[in-house]
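Architecture at a glance
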Amino acid sequence: MEHLFHFLDGGILMKNSFFHFVSVITPLILFSTFCLAQEIKLTEDQKREYIEFSDYNYEPLKLFLSAIQEYNDETFPETLNEILEKYPKSKITPFVQYLLGRYYEYKFKDEKDREKAIINYQKVIRNYPNALYPKNDFPIHFCRAGELYDEEIAPIAQMHIAWLYDLYGDNPDNPMRDTKQAITEYRKVITNYTEKVSLCLTAYIHLLSIYREENNEEKFQEIGNILISKYGGQSFRKGSWGEWGVVEPEVLIGLAEFEEKKGNHVAAIKIYKKVLIKFSDASKTFHGGPEIYYSNWAIDGILNLINDDEKSIQELKKIQTKIIGKRLKGYLQFKIAYIYDKKIRDQEKATDEYKKFVENYDFNQHTYGMLDNEETEKLQELQTTKNKKK
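A short tour of the structure in this document, coming up. The structure displayed is predicted, hence computed values, not measured ones.

1. Section: the overall build of the protein
If you tally the helices and strands in the protein, you get 18 helices and four strands. Across the 390 residues in the protein, those meeting the buried criterion constitute 49%. Relative to all contacts within the protein whose residues are 6 or more apart in sequence, the contacts with residues 24 or more apart total 59%.

Next up, the structure:
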């Protein structure tokens, strides 16, 4: 009984009507007993939130929690379907429908799995357009979406349909990838859920990536212009879990690459310079990998196009004077010294430029995440020499 009173703590059910109290307390007793029997542990917040799923004497919720507690790949979808069949109007049904889609998406190995996932997502969109994602962090290993709490489920379902056709943009050579249909589904996100700024941004970024892959410059510019005008320097998240970047430099790097492919080297260098000067500290991370700076791409692009070590150094020195951020200034100083050292083989000038770097810039702060393996070895050599002199 102590557990039961603890469950009822907070005055959630305190009503003036005795009869109302009796009508509510019975299902709560049953539900609490069920949780104790199944050893389902609930936080106080979860207990309060589960009140919203109290319809049908908690029967749909019991089935749902039991399926989670005794998770089995084979029986889990069966239980979810049982809830949908027996309690089509339950308050938890929209999330169950969505979760069934997530289950098949997680298990996605062939066209049948994709079709099952999409069918369930489409039912969410059609039947529950205004249903909200539950506030509770249900312990489901394939459904961690804390940033979506209190959001409407339908727009999220539409995004997952697009991802299923696009394969999250991570598998360009997979024969199951359908970029034509993915484009259609991403545009549905943008058209039907314009108020969902974050989802629309993600949809635009995926469209940008597809057009970049397909070498469709006209469409890339169209989406790029929209992104820059609407989102500018905002960060974006691509895919269903973890590629992060910044909107405008992402677009600019792509535009520079298109100019480069057309042989417009002057125009490409001009765009790369804009990235360096305006977004010297903007970076991108790929699925938990190392942080990569857009300035690295821009510098490599400029050096490859100039293809002359002496002219490259002069260009880097000009750029260095226009950059405000000390971080990139330090990297450019190291890069200038490194070109003299390893490319031109002018050790006297290399020594002078390395000295400027050592005296004016912090080793880690101004080069972290920007060096390749050989450059890192040289940096470590410089640092060791500096430490010995102390």
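2. A short note on the pattern of salt bridges
Two side chains with opposite charge may pair up if their charged atoms get near one another. Inspection of the entire model under this criterion finds 22 salt bridges. The partner of Asp166 in a salt bridge is Arg177, and the shortest N-O contact between them spans 2.7 Å. Taken together, the residues span a long stretch of sequence, with Asp166 in helix H8 (residues 153-166) and Arg177 in the loop between H8 and helix H9 (179-192) at a distance of 11 residues. Arg177 gets classed as buried once you look at its relative accessible area, which sits at 11%. Here Glu353 ties to Lys356 by a salt bridge, and the two come within 3.6 Å at their closest N and O atoms. In this pair, Glu353 and Lys356 are both assigned in helix H17 (residues 347-360), three residues apart and thus about one turn of the helix distant. Judged by its relative accessible area of 40%, Lys356 is partly exposed.

3. Notes on the nonpolar core
By size, the foremost hydrophobic cluster in this structure holds 104 residues, and its most contacted members are Phe64, Tyr98, Tyr186 and Leu227. With 10 residues, helix H10 (residues 197-213) is the largest single contributor of residues to this core.

4. As for the packing of aromatic side chains
Tallied over the full model, the rule gives 16 aromatic pairs. In this structure an aromatic cluster arises from ring pairing among Phe64, Phe95, Tyr98, Tyr121 and Tyr133. Seen from the ring of Phe258, Lys261 lies directly overhead, with NZ or CZ sitting 5.4 Å from the centre. Across from the ring centre of Tyr293, 3.8 Å away, lies the NZ or CZ of Arg327, which sits over that ring.

5. Structural notes on the side chain of Glu105
Following the sequence through the fold, Glu105 ends up in helix H6 (residues 93-106). In this view, Glu105 contacts Ala117, Tyr121, His160, Leu164 and Tyr168; residues no more than four positions away in its chain are not counted.

6. Remarks on the packing of H10 against helix H11 (residues 217-231)
Packed helices, taken two at a time, are described by the angle between their axes plus the distance between the axes. Running from N to C, H10 and H11 point in directions that differ by 150 degrees, and their axes come no closer than 9 Å. Taken together, H10 and H11 sit at an angle that is classed as roughly antiparallel. The handedness of the crossing between H10 and H11 is left-handed. From H10, Val197, Cys200, Leu201, Tyr204, Ile205, Leu207, Leu208, Tyr211 and Arg212 reach across to H11, where they touch Lys219, Phe220, Ile223, Gly224, Ile226, Leu227, Lys230 and Tyr231. A per-class count over the contact of H10 with H11 returns 13 nonpolar, one polar and three charged.

7. What to know about a negative patch on the surface
The grouping of Asp300, Asp372, Glu374 and Glu377 at the surface amounts to a negative patch. With respect to the secondary-structure elements, Asp300 resides in helix H14 (residues 294-306). Asp300 sits in the partly exposed class, given a relative accessible area of 37%.

8. Re helix H7 (residues 111-127)
Along its 17 residues, H7 runs 24 Å from first to last C-alpha, staying within 8% of the 24 Å computed at 1.5 Å per residue. Those residues of H7 lying buried are Asp113, Arg114, Ala117, Ile118, Asn120, Tyr121 and Val124. Looking straight down H7, one finds its buried side chains confined to an arc of 160 degrees; they lie on one side. Residues Lys112 and Arg126 are exposed on H7 and point more than 90 degrees away from its buried face. Those residues of H7 that are buried lie in contact with H6 and H8. Residue Asp110 occupies the N-cap position of H7, its side-chain oxygen lying 3.1 Å from the main-chain nitrogen of Lys112.

9. Quick look at the packing of helix H12 (residues 247-261) against helix H13 (residues 265-278)
Packing of H12 against H13 leaves a shortest axis separation of 7 Å and a crossing angle of 165 degrees. With respect to their mutual orientation, H12 and H13 come out roughly antiparallel. As H12 runs across H13, the sense of the crossing is left-handed. Contacts between H12 and H13 pair Glu248, Pro249, Leu252, Ile253, Leu255, Ala256, Glu257, Glu259 and Glu260 from the former with His265, Ala267, Ala268, Ile271, Tyr272, Lys274, Val275 and Lys278 from the latter. For the contact of H12 with H13, the per-class residue count stands at 10 nonpolar, one polar and six charged.

Parameters and conventions
- Per chain, residues are indexed from 1 in the order of the written sequence.
- Where local features are concerned, this predicted model is filtered to residues with pLDDT of at least 70; where side-chain atom pairs are given and counted, the filter is 80 or more; whole-chain, interface and lining totals use all residues.
- To obtain the side-chain values, all non-hydrogen atoms of the structure were used and water was disregarded.
- Per the convention used, a helix needs a DSSP run of H or I reaching at least four residues, while a strand needs a run of E reaching at least two, with both numbered from the N terminus.
- The buried label goes to any residue with under 20% of its type's maximum accessible area, the exposed label to any with over 50%, and the partly exposed label to all in between, with areas taken from a 1.4 Å probe on protein chains only.
- Note on contacts: a residue pair is in contact if any heavy atoms of the two residues lie within 4.5 Å.
- By definition here, a salt bridge exists when the distance from a side-chain nitrogen of Lys or Arg to a carboxyl oxygen of Asp or Glu is within 4 Å.
- Take the buried residues of types Ala, Val, Leu, Ile, Met, Phe, Trp, Tyr and Cys, join any two whose side-chain atoms come within 4.5 Å, and each joined set is a nonpolar core.
- Each aromatic pair joins two rings of Phe, Tyr and Trp (for Trp, the six-membered one) with centres within 6.5 Å, and gets the label stacked for planes under 30 degrees apart, edge-to-face for over 60, and tilted for any other angle.
- Placement of a positive charge over a ring is assigned whenever Lys NZ or Arg CZ falls within 6 Å of the ring centre and within 35 degrees of the normal to the ring plane.
- With axes taken as lines fitted to C-alpha atoms, and helix axes fitted only over the stretch in contact, angles between N-to-C directions fall between 0 and 180 degrees.
- Roughly parallel covers angles under 35 degrees, roughly antiparallel covers those over 145, roughly perpendicular covers 65 to 115, and oblique covers all other angles.
- If you view the pair so one helix is near and one far, a crossing is left-handed when the near helix is turned anticlockwise from the far one by less than a right angle, and right-handed when it is turned clockwise.
- Note on residue classes: Ala, Val, Leu, Ile, Met, Phe, Trp, Tyr, Cys and Pro are nonpolar, Asp, Glu, Lys and Arg are charged, and everything else, Gly too, is polar.
- Like charges are joined within 9 Å and nonpolar side chains (Val, Leu, Ile, Met, Phe, Trp, Tyr) within 5 Å, but only among residues with over 30% relative accessible area and no salt bridge; these make up the patches.
- Computed with the Shrake-Rupley method and a 1.4 Å probe, the accessible areas treat only the protein chains shown as cover for residues.
- For the charge count, each Lys or Arg is scored as positive and each Asp or Glu as negative, with His and the chain ends excluded.
- We put the charge of a Lys on NZ, of an Arg on CZ, of an Asp on CG and of a Glu on CD.
- Here a helix's expected span is defined as the number of its residues, less one, multiplied by 1.5 Å.
- When we speak of the arc, we mean the arc of directions from the helix axis to the C-beta atoms.
- We define a polar contact as two N or O atoms separated by no more than 3.5 Å, with the added condition that, inside protein, one atom must be a possible hydrogen donor and the other a possible acceptor, whereas residues neighbouring each other in sequence contribute only through side-chain atom pairs.

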